[in-house]
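One-letter residues, chain by chain:
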Amino acid sequence: MTSWEQGTNLDSAKYMQDIFQQQRQACLQAAYPDYEQRQQQLKTLYQMVVEHQHEMAAAISRDFSNRSLDETKLFEVLTSLNGLKHSLKHLKKWMKPSKRQVGILFQPATGYVMYQPVGVVGIVVPWNYPLFLAIGPLGQALAAGNRVMLKMSEYTPEFSSLFQQLIARYFPADQIAVVTGNAQVAQQFTTLPFDHLLFTGATSIARHVMHAAAENLTPITLELGGKSPVIVAKDADLQESARRLAFGKTMNAGQTCVAPDYAFVHQSQIQAFIGAYFNAIRQFYPNSILSNPDYTTIINDRQLARLQRYIEDAQAKGAQLHQIEQGVDGRRLPHLVLTNVHDDMLIMQNEIFGPLLPVIGYEQMDEVINYINQHDRPLALYYFGYNKAEQQKVLHTTHSGGVCLNETLMTAGMEDMPFGGIGPSGMGHYHGHEGFKTFSHAKSVFSRPKFSLMKLIYPPYGSSILKLIYRIFLR
């Protein structure tokens, strides 16, 4: 019987506390895992993903009712493996102490920063990309030398159960432990006194997570979302822009934290843009979306009802609906464009997280920039157009977690670039070296040799040496 199977007979809070204490004790016994130990853990995790990729993709598809195995392999398996490869390639360099300058007043001495594991890291994994958003932070926490506990989403029970079993097979519980359960278990999980807590999910829930972490003064990284805008410049290639935007919106049926949420299109080009956008989707999913096995379903009835409520509310408040296809089949919701939208509509107040795209007309770029700046700072911003001056204007006058120029989504998959939000779209960042540093304590070390001149500035004050120092440095 595994430790988890034994734990299911106990109160979930007590079980998690027991696992946490096991990991905390293991940290004390092995406070600074060496390069070889960390390398082996990353290789083992890599091996686990490679060997069980088909099982995991199938489990995710069952949780969604349908998700293309290719979509999971491309955007969860490959990205997970790439992240682990990146950490393995750079780990030795990341672990090296960083030399720092020591001012002349403090000589002779040396200074450096060592990157020490913080201890036990908690990771709350969402349902939309349950493999990638587990392996990504997990790999970086292991690279930094930590022990890790993960809370999986109750919305993906098939994958969560499989992942729990696989981790238990490849790693001891005092190194990595996976917890499953409902929202109450998740709440209990966030109250544990982790040395760092990473949460990926909704902004509304993040407020409660942050409050729970504050009780233990736990450092926290929040990966949220929000309404990521798209700007299609008047001189952009409309067909290619629509195709790339459609790709970003159709992946996982729009259930992506960096999915394009709404688009600004020049007033004179709205109809042409909608036509190009729908044509691109038809090329991706020939015949019918409702029967296409490559098209992902909405995760559950609750999320589908939420999206339908957004549509009904927008239509009741004057929005015009442009439909590529009628109906819903097995929670497959066809893509929909909405025009004549305004901020009183639910669809413009909340992250959409689905295949609905509001389109807003504009005349001048300053209108677009002003609108974006008057709303919450998004996780991503997408600009389509090749005017370098206008690109720079958008980059310098707006705030967002990341930006893609003439593309969407890619900021989430770049391992050598920090990923994270700003304000309501998140706090802190990870991926690559930034992830290693997020899960490390940068400890300053000042080292003095046996010989020291410090005695020259010890009390009693008023010496000629002090007067000379003041004359040189205080002017």
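It should be emphasised that the depicted structure is a prediction, and the values quoted were computed from it without experimental measurement.

## Concerning unusual backbone geometry
Alright, step 1. Cis geometry is adopted by the peptide bond preceding Pro108, which originates at Gln107 and carries an omega value of -5°.
Alright, step 2. Within the element layout of this structure, Pro108 appears in the loop between strand S1 (98–100) and strand S2 (110–117).
Alright, step 3. In this structure, the amide linkage connecting Pro459 to the following residue, Pro460, adopts the cis form with an omega of 5°.
Alright, step 4. Backbone geometry at Asn406 places phi at a positive 60°, although glycine is not the residue there.
Alright, step 5. Position of Asn406 among the secondary structure elements: in the loop between strand S14 (402–405) and strand S15 (426–427).

## Some words on the UniProt feature "active site" (unreviewed entry) in the protein chain
Alright, step 1. Here the UniProt-annotated "active site" (unreviewed entry) positions come out as Glu223 and Cys257. A maximum C-alpha distance of 8.8 Å is found for the annotated residues, which run over 35 residues; spatially they form one tight group. Checked against the lining of the largest pocket, the annotated residues reduce to Cys257.
Alright, step 2. With residues up to four places along the chain from it excluded, the contact list for Glu223 reads Phe199, Thr200, Gly201, Phe419, Gly420, Gly421, Ser425, Gly428, His429 and Tyr430.
Alright, step 3. Tracing the chain through its elements places Cys257 in the loop between helix H10 (238–250) and strand S9 (262–266).
Alright, step 4. Look past the residues within four positions of Cys257 in its chain and what remains in contact with it is Asn128, Leu224, Gly225, Ser228, Glu351, Phe353, Leu379 and Phe419.

## Looking at the domain arrangement of the protein chain
Alright, step 1. Entries for the protein chain in the domain assignment read domain 1 (9–224 + 425–443) and domain 2 (229–412).
Alright, step 2. Tallying the contact residues gives 17 residues for domain 1 and 25 residues for domain 2.
Alright, step 3. Roughly 1800 Å² of surface becomes buried between domain 1 and domain 2 when both sides are summed, with 49% attributable to carbon and sulfur atoms.
Alright, step 4. Ranking the residues of domain 1 by area buried against domain 2 places Asn66, Trp127 and Tyr155 at the top, with a combined share of 29%.
Alright, step 5. Counting across the domain 1 and domain 2 interface gives 0 salt bridges.
Alright, step 6. Counting the contacts that link domain 1 with domain 2 gives 15 residue pairs in polar contact (both at pLDDT 80 or more).
Alright, step 7. Among the secondary structure elements, those contributing two or more residues to the side of domain 1 that touches domain 2 are helix H4 (53–64) and helix H5 (69–95).
Alright, step 8. For the side of domain 1 that touches domain 2, the per-class residue count stands at 7 nonpolar, 7 polar and 3 charged.

## As for the packing of aromatic side chains
Alright, step 1. Scanning all chains against the criterion turns up 18 aromatic pairs.
Alright, step 2. Plain terms: the ring middles of Trp127 and Tyr155 are 6.5 Å apart, the flat faces sit at 50° to each other, and that makes the pair tilted. Of this pair, Trp127 sits in the loop between strand S3 (120–124) and helix H6 (132–143) while Tyr155 sits in the loop between strand S4 (147–151) and helix H7 (157–170); the two residues are 28 residues apart in sequence, bridging distant segments of the chain.
Alright, step 3. Residue Trp127 is classed as buried on the basis of its relative accessible area, which comes to 12%.
Alright, step 4. Considering the side-chain rings of Phe189 and Phe194, the 5.0 Å spacing of their centres and the 45° angle between planes classify their relative orientation as tilted.

## With respect to the packing of helix H3 (residues 35–51) against H7
Alright, step 1. Between H3 and H7, the shortest axis-to-axis distance is 11 Å and the interhelical angle comes to 135°. With respect to H7, the axis of H3 lies oblique. Where H3 crosses over H7, the handedness of that crossing is right-handed. On the side of H3, the interface is formed by Thr44, Leu45, Gln47, Met48 and Glu51, while H7 contributes Phe163, Leu166, Ile167 and Tyr170.

## Some remarks on empty space enclosed by the protein
To find the voids left in a structure, one rolls a probe of water-molecule size over its atoms.
Alright, step 1. Within this structure, the stated rule accounts for 2 cavities of 30 Å³ or more.
Alright, step 2. If you add up the space inside the largest cavity, you get close to 50 Å³.
Alright, step 3. Lining the largest cavity are Thr79, Ser80, Gly83, Leu84, Ser87, Phe132, Ile135, Gly136, Gly139, Gln140 and Glu415.
Alright, step 4. Of all elements in the fold, only H5 and H6 reach the threshold of two or more residues within the lining of the largest cavity.
Alright, step 5. Broken down by class, the residue content of the lining of the largest cavity amounts to 3 nonpolar, 7 polar and 1 charged.
Alright, step 6. The space that makes up the second largest cavity amounts to roughly 40 Å³.
Alright, step 7. Forming the boundary of the second largest cavity are Gly226, Lys249, Gly254, Thr256, Ala259, Asp261, Glu351, Phe353 and Gly354.
Alright, step 8. Along the lines of polarity and charge, the residues of the lining of the second largest cavity split into 2 nonpolar, 4 polar and 3 charged.

## A few points about the nonpolar core
The nonpolar side chains of a soluble globular protein tend to be buried with one another.
Alright, step 1. Ranked by size, the top nonpolar core spans 117 residues in total, and within it Leu138, Leu150, Phe163, Phe273, Tyr277 and Leu356 carry the most contacts.
Alright, step 2. A domain-level breakdown of this core finds at least three residues from each of domain 1 (9–224 + 425–443) and domain 2 (229–412).
Alright, step 3. Look past the residues within four positions of Phe163 in its chain and what remains in contact with it is Met48, Met56, Leu131, Ala134, Ile135, Leu150, Met152 and Val178.

## A closer look at the layout of surface pockets
Alright, step 1. What the largest pocket holds in volume is close to 1400 Å³.
Alright, step 2. Looking at the largest pocket, it is lined by 49 residues, and the ones nearest its centre are Gly201, Ala202, Thr203, Ser204 and Ile205.
Alright, step 3. Of all the elements, helix H9 (residues 203–215) adds the most residues to the lining of the largest pocket, at 7 residues.
Alright, step 4. Its residues assigned to classes, the lining of the largest pocket shows 23 nonpolar, 16 polar and 10 charged.
Alright, step 5. Each of two domains, domain 1 (9–224 + 425–443) and domain 2 (229–412), supplies a minimum of three residues to the lining of the largest pocket.

## Remarks on the sheet that holds strand S16 (residues 440–447)
Alright, step 1. Read from one edge of the open sheet, 3 strands run S1-S2-S16, paired in antiparallel fashion. Each end of this open sheet is capped by a strand with a single partner; those strands are S1 and S16. Strand-to-strand twist across the sheet, computed as the mean angle between neighbouring axes with direction ignored, equals 30°.
Alright, step 2. Where S1 and S2 come together, 3 bridges link them in antiparallel fashion. Bridge pairing links Ser98 to Val113 in S2.

## Regarding the UniProt feature "domain: Aldehyde dehydrogenase" (unreviewed entry) in the protein chain
Alright, step 1. The sites that UniProt annotates as "domain: Aldehyde dehydrogenase" (unreviewed entry) are residues 19–445.
Alright, step 2. The span residues 19–445 shows a helical share of 43% and a strand share of 18%, and its end C-alpha atoms are spaced 32 Å apart.

Conventions we followed
Counting restarts for each chain, with residues numbered from 1 along the sequence as it is written. Only residues with pLDDT of at least 70 get local features here, since the model is predicted, and only at 80 or more are side-chain atom pairs given and counted; chain-wide, interface and lining totals rely on the full set of residues. Side-chain metrics rest on all non-hydrogen atoms present in the structure, leaving aside hydrogens and water. By definition, any uninterrupted DSSP run of H or I lasting at least four residues is a helix, any uninterrupted run of E lasting at least two residues is a strand, and each is numbered from the N terminus. UniProt positions are given in the numbering used here, feature names are shortened, and annotations may be inferred rather than shown by experiment. Only protein atoms enter the 1 Å grid, on which a cavity is a set of points fitting a 1.4 Å probe that cannot get out and a pocket is an open set with protein on both sides within 12 Å along at least 5 of 7 lines, lining residues being those with an atom within 4 Å of a point. What makes two residues a contact is simply this: any of their non-hydrogen atoms within 4.5 Å. How far each domain reaches was decided by an automatic or database domain assignment. Note on definitions: buried area is the accessible-area loss of two parts on being combined, 1.4 Å probe, summed for both. Salt bridges are counted wherever a side-chain nitrogen of Lys or Arg sits within 4 Å of a carboxyl oxygen of Asp or Glu. For this analysis, a polar contact is any N or O atom pair within 3.5 Å, provided that within protein one partner can donate a hydrogen and the other can accept it, and provided that sequence-adjacent residues contribute only side-chain to side-chain pairs. Polarity classes work like this: nonpolar for Ala, Val, Leu, Ile, Met, Phe, Trp, Tyr, Cys and Pro, charged for Asp, Glu, Lys and Arg, and polar for all others, with Gly in that last group. In this analysis, rings of Phe, Tyr and Trp, with Trp reduced to its six-membered ring, are considered paired at centre separations within 6.5 Å, and the interplanar angle assigns stacked below 30 degrees, edge-to-face beyond 60, and tilted for intermediate values. Note on classification: 1.4 Å probe, protein chains only; a residue is buried when its accessible area is under 20% of the maximum for its type, exposed when over 50%, partly exposed between these limits. The convention used is that axes are lines fitted to C-alpha atoms, helices contributing only their stretch in contact, and that angles between N-to-C directions extend from 0 to 180 degrees. With respect to orientation, any angle under 35 degrees is reported as roughly parallel, any angle over 145 as roughly antiparallel, any angle of 65 to 115 as roughly perpendicular, and every other angle as oblique. In this scheme, a crossing is called left-handed if the near helix is turned counterclockwise away from the far one by less than a right angle; it is called right-handed if the turn is clockwise. Grid points are joined across faces, edges and corners, and a volume is the space filled by probe spheres set on the points. Side-chain atoms within 4.5 Å link the members of a nonpolar core, which is a set of buried Ala, Val, Leu, Ile, Met, Phe, Trp, Tyr and Cys residues. DSSP calls a pair of strands paired once it identifies at least 2 bridges connecting them.

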